[in-house]
Amino acid sequence: QVQVVEFGGGLVQAGGSLRLSCAASGSILSISVMGWGRETPGAPRELVATIRDDGYTKYVDSVQGRFFVSRDNAKNTVYLQMDSVKPEDTAVYYCYVNLLADGYLRMVDYWGQGTQVTVSS
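Rules behind the numbers
Residues numbered from 1 in each chain as written. Predicted model: local features only at pLDDT ≥ 70, side-chain atom pairs only at ≥ 80, totals over all residues. Heavy atoms only, no water. Pairing = 2+ DSSP bridges. Helix = DSSP H or I, 4+ residues; strand = E, 2+ residues; numbered from the N terminus. Disulfide = S-S within 2.5 Å. Buried < 20%, exposed > 50% of the residue type's maximum accessible area, 1.4 Å probe, protein only. Axes fitted to C-alpha atoms, helices over the stretch in contact; angles between N-to-C directions. Core = buried A, V, L, I, M, F, W, Y, C linked by side-chain atoms within 4.5 Å.

> Teacher, can you tell me more about the pairing of strand β5 (residues 46-51) here?
Each regular strand shows side chains that alternate between the opposite faces of the sheet. One ladder, built from five bridges, connects strand β4 (residues 28-39) with β5; its direction is antiparallel. Opposite Trp36, over in β5, you have Ala49 as the bridge partner. Here three bridges tie β5 to strand β6 (residues 57-59), and the two strands are oriented antiparallel to one another. Looking at the pairing, Ile51 lines up with Thr57 of β6. Between β5 and β6, which pair antiparallel one after the other, the connecting turn spans five residues, and Gly55 there sits at a positive phi close to 95 degrees.

> Mind showing me how you'd approach the state of the cysteines here?
Defined simply, a disulfide is a covalent bond joining two cysteines at their sulfur atoms. Considering all chains together, one arrives at one disulfide under this definition. Between the sulfur of Cys22 and that of Cys95 lies a disulfide, 2.0 Å long from S to S. Here the disulfide of Cys22 and Cys95 is left-handed, its torsion about the S-S bond being about -80 degrees. With Cys22 in strand β3 (residues 18-26) and Cys95 in strand β9 (residues 91-101), this residue pair connects regions lying 73 residues apart in the sequence. With respect to class, Cys22 is no different from Cys95; both count as buried.

> Can you help me understand the sheet that holds strand β8 (residues 77-82) in this one?
Sheet strands line up and pair through hydrogen bonds in the backbone, either parallel or antiparallel. Read across the open sheet, the four strands follow the order β1-β3-β8-β7; overall the sheet is antiparallel. Looking at which strands have only one partner, the edges of the open sheet turn out to be β1 (2-7) and β7 (67-72). When the angles between neighbouring strand axes are averaged without regard to direction, this sheet yields 15 degrees. Pairing analysis gives six bridges linking β3 to β8, with the strands arranged antiparallel. Within the sheet, the bridge partner assigned to Ala23 lies in β8 and is Thr77.

> Please explain the nonpolar core as it appears in this structure.
Considering soluble globular proteins, one finds that nonpolar side chains tend to be buried as a cluster. Judged by nonpolar contacts, the single largest core of 31 residues is most densely connected at Trp36, Leu80 and Met82. Counting residues per element, the ones that place at least two in this core are β1, β3, β4, β5, β7, β8, β9 and β11 (115-120). The element best represented in this core is β9, accounting for six residues.

Coordinates in, geometry out; function isn't part of it.
Structural data, given as structure tokens:
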């Protein structure tokens, strides 16, 4: 069984910084892509930052240059450094992991339980 757990989140003032982390554990054989999505009421979940196992990163335009995703492959952990945050960054942030678990024949997407990030103006 696989678990994906986020840490961090909370309240931050506009212009400030926040760091999220996420650890995947369990019967994991390999991890391909890790990243972060976010969701606001009435809107679909959006994958805002991803990092491949070779270190290649990708961001949506709204966070490019302000958010930075990184990972520690030895710890199956992914991080999201959020700088110069804006009120519109307020959302529930979800960790995303694409991995191959023991007993499975193909990669599967896993999401964490979500952590609230609120940016005050």
